[in-house]
Structure formats: C-alpha cells, structure tokens
Amino acid sequence: MRRNRPGRGRVRTAVACAATAAVLGPLVWLWQDSLLPSAYSVMDMGYADYGGGPQGSHGAHAMGGASGTHHGGRDVTELVADTDRPADVTMTVVARKQRFRLASGRAFDGYTLNGQSPGPVIKAVQGQLVQVRLVNESVPGGITLHWHGVDVPNAADGVAGVTQDAVGIGKEFTYRFVADRAGTFWYHSHQMSHEQVRGGLLGALVVSPAGTAGVKDVVALVHLYGGIRTVNGREGDVRVKAAPGTRARVRVVNTEYGVMPAWVSGAPYRLVAVDGTEVNGPAPVRDQAVAVAAGGRADLEVTMPAGGSPVRIHLGGPAGVVLGSTSYDAPPVPRPAATLDPLTYGTRAPLAFDPAKPDRRFEYAVGRRPGFLDGVPGVWWTINGHLYPDVPMFHVTEGDVVRMRISNDSGEAHPMHLHGHHAVVLTRDGVAATGSPWWVDSLEVGIGQTYEIAFVADNPGVWMDHCHNLPHASEGLTAHLMYEGVTTRFTVGGSADNKPE
Ligand SMILES: [Cu+2]
C-alpha cells in the first residue's frame, strides 16, 4: 500500500503541468499585453524619445494610461492653410469601389477617382493654393487622401486616426494646402493604405515652377494592378510626341512597394529632381540606372536627338515611355549594370541650416524578432528593439535641427517615409554625401545599410514616420514624430474605424 505517496506518474504529470505553465504563462502574458485597444491615440503609443533635447510638458506616455495628459495644446485640426485665402486650384474627386478597365481593356476590381485609376493628374503652379474636395461614393471602410511628398499643414495630411477620421460612404472632406515647392508628388489613400493603394486609390500631383515654357512635361506613374505593371494605367508603352531638340522632363513616380530601377536608351539623361527637390548641377548620365524608392520620385530630363531617333525610358519592366516624333521604334535594352549614386551625383551646395549642431538626435533602428502583434504570433519588425505599438514617439520643438540615424538589420529593405518634411542625406554607411544636397521624403534603406539624415522641424503637427512598403507598415513598421504643444483628437480604431496602415 502506498496510500500517502504520490505515484511516479503523478509526479511526472505535476512537473509537466508546471513546466507547461512556466512556458505558457509568459506567452499568455505577452499575447495579452500585445492586444491593441479598440481605440487609441498614437500619442499614447510607446515611449517618449526626446533625442537628447528638452523634455516637454507631455510627460511619460503609456498605452492605456490617462489620455488626459494632452490638454492645452493646439489640435491638429487647427494646423491649416490660410482660411481667408481663396484657392487657385479647386477640384472634386469622387472615390468609388468598382470594376474598371485598364487602357488595354483588361478588367480590374479596385478603386477609382472620378471614374479612373490612376486618378486625375492634379496640376498646380508653385505658390498656388490647392483645394481638393474628396467625396466617398462607395468605398467600404472609408478613405482619405495623403499628399505624398508635399509638406502640407498637418490638418491636410490625410492620415486616418492621426489627422482626420476616415471618410465614410456618403461623406466628404476638403484638403487645402499651398503648393510651395515645385516638383513631382503623388496622392493616395492613408486608410487601410496597404490595400487601398494597391487597389488604385492614387494619382499624380505635379507642381510646376512659374515659367517652364519649352520643356515637354511627361508624367510616368508606375503602378501594378493585380500584378500587371502599368504606366499611367497603361500596360504597354506610353508614346509621347517630342520633336528633335526638345527637352523632355519625365516625372517618374513609383507607387509600388519595392524599389524600381529606371533607365534611358537612345540619349543621355540627367536626374534633375529627386522627391520633389531639384538636384544641383546634374551631369549627363549614360549606362546607369536610377533606383527609385517605393513612394519616391525621380525626374529624368532628356534632349531629343537631332536626327529624330526615339528615346525609351525604361521603368522596371516591359511598359515604359517612348519619346519620338516620326518613329517610336525603340526596343527595350537590358538594365545597365551600374546604378547612379545620389550620394555623389551633382555638385555641392550649402544647406540653410547646420546639421553638425543638432538640437535632437534620434535612432530609427529597424530589426525583426519573434513576438505578438495585436495577439498574432509572428516574426515582426522592430524599431529600436521594440514591437508596435511600444515604439518610440520622436518629440521635437518647432525650429529644432534634427538628426536621425536609420539603420536596417531586419533582412529586408525598407523605403522610409517621413510625413510633412524633407530630410537631407548626410551619410550612408559612414560615408559622407559629396554631391548635390540629396533631399528625400522616401529613402530606400537597403539590407544592412545605415543612413544619417537631417531636417529642420518647421512644420508643427503629429506626423507618421513609417515604411512605405505598405504591408510592412501594417506589420508594425510605423512610428510618429510629434511637436511640443500639438495634440490630436483622433484615434486609431474608434467609431470611424480608422486604420491608417
Ligand atoms: Cu519596410
């Protein structure tokens, strides 16, 4: 009889149970801790990072903590263009979910703006006030428009849950901003963006400097519809008439989620602008491709050959732009082995600020590790070692000179996009930039690369700073930059079901 002694089997069971609990307990805690509330302010996300600068009055933030710490600031909705100034460019865009046809006749189930995708090219002259009324006729889940690369007032930034509520069916929202920088930009939804942008809720925005007569202006917006590569919505080549001797400026817009090479055959070209900023002293280029970051733009200028032969702009795939007058017979040529390096391209020019004396220094180190994202196990992106939403909130004061070091040890490339600002590249992998000031709003950070960038905090608001491989953003590669004294009344989730990524 062994009445009072537990059997060996029972001991084993008890040990196994304890071991299981020891393993599962923390996992359950991690799982539960990762669950996102049904509504939260991005201002309550993660932890404050002051970058070595003064700490403001916001104090420490904790998800689920009292959100009553944000009183007394300016709300993002107050950060608008001059309300007394009449608009110079006004238009209405109506968004629909519908089946439509590409120029080739191929049908695609997606989204249109004024019945087409890409939406209409919005054109303005530098300095004009642009006013766009967005109407959602039939897009479930709501929409917004973000003006990618335009440093708009924060209220017009179009980020659902940060600067506005998603615009539901039957509702509308009006965006107003001054197009004070000439260049190539684009617009797209920032509600469920990884799905709506893919589905075609996007278009090009071109801001011309006053007085550009004599240059042939060509938009080349590249987008994949269901895996079909298109230029301006066409599967085949876009043909543009350009007489011998004509200067043509081809505005390449990469709306895709990965970097895209662009190259030219039939004539040399110059890379005259990157991300809506002119390059200083761009030299002619032959036998080199330009790498256009996801979300980025590259303006390529060519002078048409005197003999009348055509010029082809290759855009990462079979569809391209062919410039010609009598003949458009310009067969594709393979991608050149060499890629133009913006770090050394063009000639130096002084900056209007001194990045050697920053007021704040931030790290944005992208990594990857196992964990839970909103209760879902996976190997997720990290920012400075933290999983979303426990990521840094970068705090600045208006007027600060900011340096940020972006590194990437995550095993995949990330096109990093800071809203509301342009940043200048200082170094790549420790090598200083020696060419034209290289201003970016969409910076391809390759595997293992480290960039140092700098910008002036001159546009108050709460701004996303995220990966523009939009599925990555929805997988947690999203942080924010916020200004001292600015608050947002909007929440991610909530009654408008805001889902910015
Ligand atoms: Cu990414």
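Remember, predicted model here, so these are calculated numbers, not experimental data. Within any chain, residue numbers begin from 1 and follow the written order of that chain's sequence. Totals for whole chains, interfaces and linings use all residues, but because this is a predicted model, local features are given only for residues with pLDDT of at least 70 and pairs of side-chain atoms are given and counted only at 80 or more. The side-chain values count all of the structure's non-hydrogen atoms but skip hydrogen atoms and water molecules.

**Details of the overall build of the protein**
Convention followed: The secondary structure listing takes helices from DSSP runs of H or I that are at least 4 residues long and strands from runs of E that are at least 2 residues long, numbered from the N terminus. Atoms considered for the radius of gyration are the C-alpha atoms alone. The globule rule reads 2.2 Å times the number of residues to the power 0.38. Residue exposure (1.4 Å probe, protein chains only): buried if accessible area is under 20% of the type maximum, exposed if over 50%, otherwise partly exposed. Contact definition: two residues touch when any of their heavy atoms are within 4.5 Å. The protein chains shown are the only cover counted for residues, whose accessible areas, like all others here, come from Shrake-Rupley with a 1.4 Å probe. Here Asp and Glu are counted as negative and Lys and Arg as positive; His is not counted, and neither are the chain ends. A charge is said to be at NZ when it belongs to Lys, at CZ for Arg, at CG for Asp and at CD for Glu.
Along the backbone of the protein there are three helices and 38 strands. Here the protein has a C-alpha radius of gyration of 25 Å; the compact-globule value for 501 residues is 23 Å, and the two agree. Oriented by its inertia axes, the alpha-carbon framework of the protein measures out at about 105 × 55 × 50 Å. By residue count, 54% of the 501 residues in the protein fall in the buried class. Long-range contacts, defined here as pairs at least 24 residues apart, represent 75% of the contacts in the protein between residues at least 6 apart. Accessible area of the protein: about 20600 Å², with a carbon and sulfur share of 53%. For the protein, the distance from the average position of its 43 positive side-chain charges to the average position of its 46 negative side-chain charges is 8 Å.

**Thoughts on the coordination of the copper ion**
Six octahedrally arranged donors around a metal ideally form angles of 90 or 180 degrees; four tetrahedrally arranged donors ideally form angles of 109.5 degrees. The criterion, for reference: Distances define the donors: N, O and S atoms within 2.8 Å of the metal qualify, as do those within 3.2 Å of Na, K or Ca. Water is excluded, so some sites may look unfinished.
The copper ion binds to the protein through His414 (ND1), Cys467 (SG) and His472 (ND1), with metal-donor distances spanning 2.0 to 2.1 Å. Counting residues between consecutive donors of the copper ion along the chain gives the motif H-x52-C-x4-H. Of this pair, His414 sits in strand S29 (residues 414-418) while His472 sits in helix H3 (residues 470-474); the two residues are 58 residues apart in sequence, bridging distant segments of the chain.

**A closer look at the domain arrangement of the protein**
Condition: For the domains described, the bounds stem from an automatic or database domain assignment. Every case where a carboxyl oxygen of Asp or Glu lies within 4 Å of a side-chain nitrogen of Lys or Arg is listed as a salt bridge.
Per the domain assignment, the segments making up the protein are domain 1 (39-72 + 350-490), domain 2 (77-212) and domain 3 (214-340). Placing the centre of domain 1 and that of domain 3 at their C-alpha centroids yields a distance of 32 Å. Listed by partner, the interface residues are 15 residues for domain 1 and 13 residues for domain 3. Scanning the region where domain 1 abuts domain 3 turns up one salt bridge.

**Some remarks on the pairing of strand S4 (residues 89-101)**
Put simply, the rule is: The criterion for strand pairing is that DSSP finds at least two bridges linking the strands in question.
Where S4 and strand S7 (residues 129-136) come together, seven bridges link them in parallel fashion. Bridging across to S7, Val94 finds its partner in Val135. Turn length for the S4-strand S5 (residues 107-113) hairpin, with the two strands adjacent in sequence and antiparallel, is five residues, and the turn residue Gly105 shows positive phi of about 100 degrees.

**Focus on the pairing of strand S10 (residues 183-188)**
Extensive coverage of S10 is indicated by the burial of six of its six residues. Neither face of S10 is exposed, since Gly183, Phe185 and Tyr187 on one face and Thr184, Trp186 and His188 on the opposite face are all buried. Sheet topology places S10 next to strand S11 (residues 202-208); six bridges connect them, and they run antiparallel. Looking at the pairing, Thr184 lines up with Val206 of S11.

**Thoughts on the sheet that holds strand S19 (residues 288-292)**
What the six strands build is an open sheet, ordered S14-S22-S21-S16-S19-S23; its pairing is mixed. At either margin of the open sheet sits one strand with a lone partner, and together these are strand S14 (238-241) and strand S23 (338-339). Note: strand S16 (residues 260-265) against strand S21 (residues 311-315), four bridges, orientation antiparallel. Following the sheet pairing, Val264 is matched in S21 by Ile313.

**Some details on the nonpolar core**
Quick note on the threshold: Nonpolar core, defined: a set of buried Ala, Val, Leu, Ile, Met, Phe, Trp, Tyr and Cys residues in which side-chain atoms within 4.5 Å join the residues together.
Core analysis: the largest hydrophobic core is formed by 83 residues, its most contacted members being Leu300, Leu315, Val321, Leu323 and Tyr364. Residues in contact with Leu300, not counting those within four places in the same chain, are Ala248, Arg249, Val250, Val252, Ala262, Val264, Tyr269, Arg270, Leu271, Val290 and Ile313. Judged by nonpolar contacts, the second largest core, of 26 residues, contains Val89, Tyr111, Leu145 and Leu205.

**Considering the sheet that holds strand S15 (residues 247-254)**
One open sheet holds the six strands; their spatial order is S13-S12-S15-S20-S17-S18, and the pairing between them is mixed. The two strands at the open ends of the sheet, each matched to only one other strand, are strand S13 (228-231) and strand S18 (277-278). Two elements, strand S17 (residues 270-274) and S18, share two bridges in a ladder whose sense is antiparallel. Its bridge partner being in S18, Ala273 is matched across the sheet by Glu278.

**Some points on the side chain of Thr112**
Note the cut-off: Residues adjacent in sequence count toward polar contacts only when both atoms are side-chain atoms; beyond that, a polar contact is any pair of N or O atoms within 3.5 Å, and within protein one must be able to donate a hydrogen and the other to accept it.
Among the secondary structure elements, Thr112 is positioned in strand S5. Here Gln98 takes part through its side chain, which lies 2.5 Å from a polar atom of the side chain of Thr112. With sequence-adjacent residues up to four places away left out, Thr112 is seen in contact with Val94, Ala95, Arg96, Gln98, Phe100, Ser117 and Leu201.

**As for the environment of Ile406**
As for its placement among the helices and strands, Ile406 is situated in strand S28 (residues 401-408). A sequence separation of 214 residues divides Ile406 from Met192, and the C-alpha atoms of the two residues are 25 Å apart. Residues contacting Ile406, with those up to four places away along its chain left out, are Tyr364, Met416, Leu443, Val445, Gln449, Thr450, Tyr451 and Ile453.

**Quick notes on the pattern of salt bridges**
Counted according to the given criterion, the structure contains 25 salt bridges. Across the pair Asp109 and Arg99 runs a salt bridge, and its minimum N-O distance is 3.0 Å. One end of the pair, Asp109, is in strand S5; the other, Arg99, is in strand S4, with 10 residues separating them in the sequence. Arg99 matches Asp109 in its accessibility class, with the two residues each being exposed.

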